[in-house]
Amino acid sequence: MSSESVAKSITACQGDADTCLLYDEVVSLRKQVVTDPLTGLYNVRHFRSSLEHELERTRRTGMATALIMVDLDHFKQVNDTWGHESGNLVLQAVAQLLQDQTRKLDICCRYGGEEFAVILPSTELMLARQVAERCLNALRETVIALEATDLRVTASIGVAVADANTRTPEELIEAADECMYEAKHGGRNQVVSKRPEPLESAVTVDEKDALRGLFGDD
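How each quantity is defined
Residues numbered from 1 in each chain as written. Predicted model: local features only at pLDDT ≥ 70, side-chain atom pairs only at ≥ 80, totals over all residues. Heavy atoms only, no water. Salt bridge = Lys/Arg side-chain N within 4 Å of Asp/Glu carboxyl O. Helix = DSSP H or I, 4+ residues; strand = E, 2+ residues; numbered from the N terminus. Phe/Tyr/Trp six-rings, centres within 6.5 Å; stacked < 30°, edge-to-face > 60°. Buried < 20%, exposed > 50% of the residue type's maximum accessible area, 1.4 Å probe, protein only. Polar contact = N/O pair within 3.5 Å; in protein donor to acceptor, adjacent residues only side chain to side chain. Pairing = 2+ DSSP bridges. Right-handed = clockwise from strand over helix to strand, strands pointing away. Axes fitted to C-alpha atoms, helices over the stretch in contact; angles between N-to-C directions. Parallel < 35°, antiparallel > 145°, perpendicular 65-115°, else oblique. Contact = heavy atoms within 4.5 Å. Nonpolar A, V, L, I, M, F, W, Y, C, P; charged D, E, K, R; others polar. Expected span 1.5 Å × (residues − 1). Arc of directions from axis to C-beta.

Trainee: Would you mind showing me how to read the pattern of salt bridges here?
Mentor: Opposite charge on two side chains permits pairing when their charged atoms draw close. Applying the stated criterion across every chain yields a total of twelve salt bridges. The partner of lysine 194 in a salt bridge is glutamate 178, and the shortest N-O contact between them spans 3.1 Å. Residue lysine 194 is located in strand E7 (residues 190-194), and its partner glutamate 178 is located in helix H7 (residues 169-185); the two are separated by 16 residues in the primary sequence. What you see here is one network of salt bridges that share partners, running through Glu52, Glu56 and Arg59.

Trainee: Got a minute to help me understand the packing of aromatic side chains in this structure?
Mentor: Note on aromatic pairs: each is described by the distance of the centres and the angle between the planes. Tallying each qualifying case throughout the model produces one aromatic pair. Between phenylalanine 47 and tyrosine 111, the ring centres sit 5.3 Å apart and the planes meet at 85 degrees, which makes this aromatic pair edge-to-face. Note that phenylalanine 47 is positioned in helix H3 (residues 44-61) and tyrosine 111 in strand E2 (residues 107-112), a separation of 64 residues in sequence. One exposure class covers both phenylalanine 47 and tyrosine 111, and it is buried.

Trainee: I would appreciate a short explanation of the side chain of aspartate 36 in the present structure.
Mentor: Within the secondary structure layout, aspartate 36 lies in the loop between helix H2 (17-34) and H3. Take aspartate 36: its relative accessible area is 11%, and that puts it in the buried class. Within polar-contact distance, the side chain of aspartate 36 engages the side chain of threonine 39 at 2.6 Å.

Trainee: Mind showing me how you'd approach the pairing of E7 here?
Mentor: Put simply, side chains in a regular strand alternate between the two faces of the sheet. As judged from the five bridges shared by strand E6 (residues 155-162) and E7, these two strands associate in the parallel manner. Considered in E7, the bridge of alanine 160 is made with lysine 194. One crossover worth recording links E6 to the parallel E7 by way of H7, and it is left-handed.

Trainee: Is there a simple way to think about the pairing of E6 in this case?
Mentor: Of all eight residues in E6, eight are buried, a share of seventy percent or more. What you see with E6 is no split at all: Ala155, Ile157, Val159 and Val161 on one side and Ser156, Gly158, Ala160 and Ala162 on the other are buried throughout.

Trainee: Help me understand the packing of H3 against H7, please; the structure alone is not making it clear to me.
Mentor: For any two helices packed against each other, one specifies the crossing angle of their axes together with the interaxial distance. Across the interface, H3 lies against H7 with an axial gap of 9 Å and an inter-helix angle of 105 degrees. Judged on the interaxial angle alone, H7 and H3 are roughly perpendicular. Every residue of H7 that contacts H3 at Phe47, Arg48, Leu51, Glu52 and Leu55 is listed here: Pro169, Glu170, Leu172 and Ile173. Looking at the contact of H3 with H7 residue by residue, the class counts come to six nonpolar, no polar and three charged.

Trainee: Help me out: how do you make sense of H3 in this one?
Mentor: In this model H3 runs 25 Å from its N-terminal to its C-terminal C-alpha over 18 residues, within 8% of the 26 Å that 1.5 Å per residue would give. Where H3 is concerned, the buried positions are His46, Phe47, Ser50, Leu51, Glu54, Leu55 and Thr58. The buried side chains of H3 occupy one side of the element, clustering within an arc of 160 degrees when seen end-on. In H3, those exposed residues whose orientation departs by more than 90 degrees from the buried face are Arg45 and Arg60. Of the residues trailing H3, glycine 62 is marked for its positive phi of about 85 degrees.

Trainee: What exactly am I supposed to notice about the environment of alanine 175 here?
Mentor: Mapped onto the elements, alanine 175 comes out in helix H7. Accessibility expressed as a relative area gives 15% for alanine 175, which makes it buried. In this structure the C-alpha to C-alpha distance between alanine 175 and glycine 158, which are 17 residues apart in sequence, comes to 8.3 Å. Ignoring sequence-local partners within four residues, the contact set of alanine 175 consists of Ala160 and Lys194.

Trainee: What should I look at first to understand the sheet that holds E7 in this one?
Mentor: For sheets, the rule is that strands pair by backbone hydrogen bonds, running either parallel or antiparallel. What the five strands build is an open sheet, ordered E2-E3-E1-E6-E7; its pairing is mixed. Looking at which strands have only one partner, the edges of the open sheet turn out to be E2 and E7. Ignoring strand direction, the axes of neighbouring strands in this sheet form an average angle of 20 degrees. In terms of strand pairing, strand E1 (residues 65-72) meets E6 through eight bridges, oriented antiparallel. From the neighbouring strand, valine 70 faces E6, where its bridge partner is isoleucine 157. Relative to the sheet, helix H5 (residues 84-101) contacts E1, E2 and strand E3 (115-120), its axis offset from that of E3 by approximately 10 degrees.

Right, here's the structure in full:
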């Protein structure tokens, strides 16, 4: 750490140098625990804890939480043709693109391999789909410069939204995954979205008949 950085740390925490340096180290370590080292996005551990947190907010306030799942198309061919280092450059470029196309409050994560996830707090389906389409269009237009070639990649994207009836993070992940695989099986390079399933009415058929009779409906 430079002397200038040390001085700034000392001023910021208004303590002695050892305390400030220790604080900086703790902050750095904490960031490493939740960050994917290749892309700089949040890792799957942070993704799951963040999704649980946002779903709790949704259950409490009724404001929807959206989830975007992104899977790069034919990514294995990139690794096989140009090598794993080139594949890593593609992943880094896509990670930066997702950050550029989303809001600061959105949570961009590397879910695993060539798959990414974006949590959009307080976001309804229509807006979430617009964000997903914007990401896909930006990806289509992006030329990734590799050492041996210039490369364009596409993605299959699934979008799902949780409401106050969504019980678990796994339920939302499964819904977004289903949309993503539908996009992939439907030809790739597209966005598929899904609304929350409405709960079945708790009123029985007999109770409905009784209510109709009460209000004189035919």
